[in-house]
Amino acid sequence: MVQSTDKANAVPGIRDMLTRLISLPSISSASPDWDHSNEAVIRTLAEWLEPLGFAVDILEVPGMPGKYNLIATLGSGSGGLVLSGHTDTVPFDDKRWQSDPFTLTEKNDRWYGLGTCDMKGFFPLAIEAAKAFVDQPLQQPLIILATADEESSMNGARALAEAGKPKARYAVIGEPTNLRPVRMHKGIMMERLRFDGQSGHSSNPDLGRNALEGMHEAMGELLALRAEWQDKYRNPNFEVQVPTLNLGCIHGGDNPNRICAQCELHFDLRPLPGMNMETLRQSILGRMQPLAERHQLNLTFEPLFDGVPPFETPADAALVKACEKLTGHTAHAVAFATEAPWLQKLGLETLVMGPGSIDQAHQPDEYLELAQLQPTVDILKGLIKEFCL
Ligand SMILES: [Zn+2]
């Protein structure tokens with residue numbers, strides 16, 4: 001007991017931990033002007049987890065200097081529970097914040113700061129829950145996982161899936177869900193379609209190959225495919241029950257009296273669980289190729305980013321049942337994507353559940369309700385008891 005207190009006392013309390021994490025910028029962004037290293041956050045977590053007896057492994061994300069994942073393991077065994085969060089935040093708009101985004105500010109029973117809710121706030125709460133178990137022999141390991149670049153490329157989680165780490169049985173991702181268990185989300189794909197033809201004077205169509213006309217037909221095909229998918233796939237757990245395809249932006253041509261030589265369309269696709277992203281891309285390509293040939297256009301079709309696969313854990317999974325019992329809420333579906341598909345790839349039964357609301361994520365004056373702190377610690381302790389003791 002004395003030993004336990006000593007170990008726990010070596011680590012700051014929830015508020016001090018979060019103050020520190022919020023003060024360390026760790027924005028990730030496809031735009032190099034915004035992109036930061038997450039090393040300071042990772043090193044700080046290691047500094048707290050080591051005195052508690054965790055074995056800490058810091059892994060650089062291949063090909064991404066300055067970006068790290070952390071795997072901290074307490075105990076050993078082939079099963080166990082992963083508590084997972086991402087260390088990065090989105091960029092922020094300074095002018096729209098009423099307080100300093102990097103200073104934890106308490107007001108109206110809330111903690112304000114960039115990342116309080118999405119999702120640096122989860123780490124101090126997970127560590128606080130772990131403190132209660134540091135001197136008990138665990139039957140199965142407790143693993144705290146901290147990832148890089150969730151908000152931009154998801155390359156942190158992707159690298160872990162490729163490395164086959166960590167190994168465990170269950171994983172809870174502490175994204176803001178108001179402490180309600182989430183067992184499914186749609187995938188996200190963003191694709192680029194481009195036709196290259198040849199310009200020429202508009203007075204004679206034979207002088208060129210019109211990319212805009214090809215694109216007109218292509219958009220018709222995409223909308224037809226959408227209708228087919230929406231006929232075939234439906235999941236009543238989602239607010240939008242069908243897969244979606246959004247024509248997002250288009251650029252092409254320069255003059256009414258010139259044959260349009262290039263046209264590019266960007267669109268977004270949100271597949272339901274059970275739909276395979278590669279199969280969808282092949283279906284699209286299968287419609288575009290004959291069309292491009294007919295119009296004698298060069299076709300480019302490629303993803304704008306690697307995409308996030310859809311995610312689903314069965315309703316009767318042990319982790320779903322445990323989280324439903326601890327929270328009193330039935331697991332549901334959400335409209336945002338997470339790192340869950342990559343943790344699933346590692347063989348982990350995965351669920352998303354954490355403090356704070358997604359409504360506050362990616363917003364100025366992001367906050368975490370103080371009323372969610374203790375319930376989060378209690379639920380996490382319940383999970384550790386269930387799956388590690
Ligand atoms: Zn998040």
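Residues numbered from 1 in each chain as written. Predicted model: local features only at pLDDT ≥ 70, side-chain atom pairs only at ≥ 80, totals over all residues. Heavy atoms only, no water.

Colleague: Sorry if this is basic, but what is going on with the coordination of the zinc ion here?
Modeller: In an ideal octahedron of six donors the angles at the metal are 90 or 180 degrees, and in an ideal tetrahedron of four donors they are 109.5 degrees. Ligation of the zinc ion by protein atoms is provided by His86 (NE2), Asp118 (OD), Glu175 (OE) and Glu175 (OE), these donors lying 1.9 to 2.7 Å from the ion. Viewed at the metal, the four donor atoms of the zinc ion are separated by angles of 52 to 144 degrees, and the geometry they form is irregular. Going along the chain, you hit the donors of the zinc ion in the pattern H-x31-D-x56-E. Here His86 is found in strand β3 (residues 81-86), whereas its partner Glu175 is found in the loop between β7 (170-173) and β8 (182-185), with 89 residues between them in sequence. A single burial state applies to His86 and to Glu175, both of which are buried. (Donors = N, O, S within 2.8 Å, 3.2 Å for Na, K, Ca; no water. Tetrahedral: all angles 85-135°; square planar, octahedral: opposite > 155°, others 65-115°. Helix = DSSP H or I, 4+ residues; strand = E, 2+ residues; numbered from the N terminus. Buried < 20%, exposed > 50% of the residue type's maximum accessible area, 1.4 Å probe, protein only.)

Colleague: For this particular structure, what's the right way to read the domain arrangement of the chain?
Modeller: Size of an interface: often given as the accessible area lost when the parts come together. Its domain assignment divides the chain into domain 1 (3-185 + 310-388) and domain 2 (188-307). Placing the centre of domain 1 and that of domain 2 at their C-alpha centroids yields a distance of 37 Å. Contact with domain 1, which involves 12 residues of that partner, is made by 12 residues of domain 2. Each partner contributes to the roughly 830 Å² buried at the junction of domain 1 and domain 2, and carbon and sulfur atoms together form 63% of this total. Of all residues in domain 1, Arg158, Met184 and Pro310 bury the most surface against domain 2, accounting for 48% of the area lost on that side. Where domain 1 meets domain 2, there are one salt bridge. The partner of Arg158 in a salt bridge is Asp306, and the shortest N-O contact between them spans 4.0 Å. Here domain 1 is connected to domain 2 by zero residue pairs in polar contact (both at pLDDT 80 or more). Secondary-structure elements contributing two or more residues to the side of domain 1 that touches domain 2 are β8, β13 (311-312) and β14 (332-334). Element by element, the count of residues in the side of domain 1 that touches domain 2 is highest for β8, at three residues. Looking at side-chain class alone, the side of domain 1 that touches domain 2 contains eight nonpolar, one polar and three charged residues. (Domains from an automatic or database assignment. Contact = heavy atoms within 4.5 Å. Buried area = accessible area lost by both parts, 1.4 Å probe. Salt bridge = Lys/Arg side-chain N within 4 Å of Asp/Glu carboxyl O. Polar contact = N/O pair within 3.5 Å; in protein donor to acceptor, adjacent residues only side chain to side chain. Nonpolar A, V, L, I, M, F, W, Y, C, P; charged D, E, K, R; others polar.)

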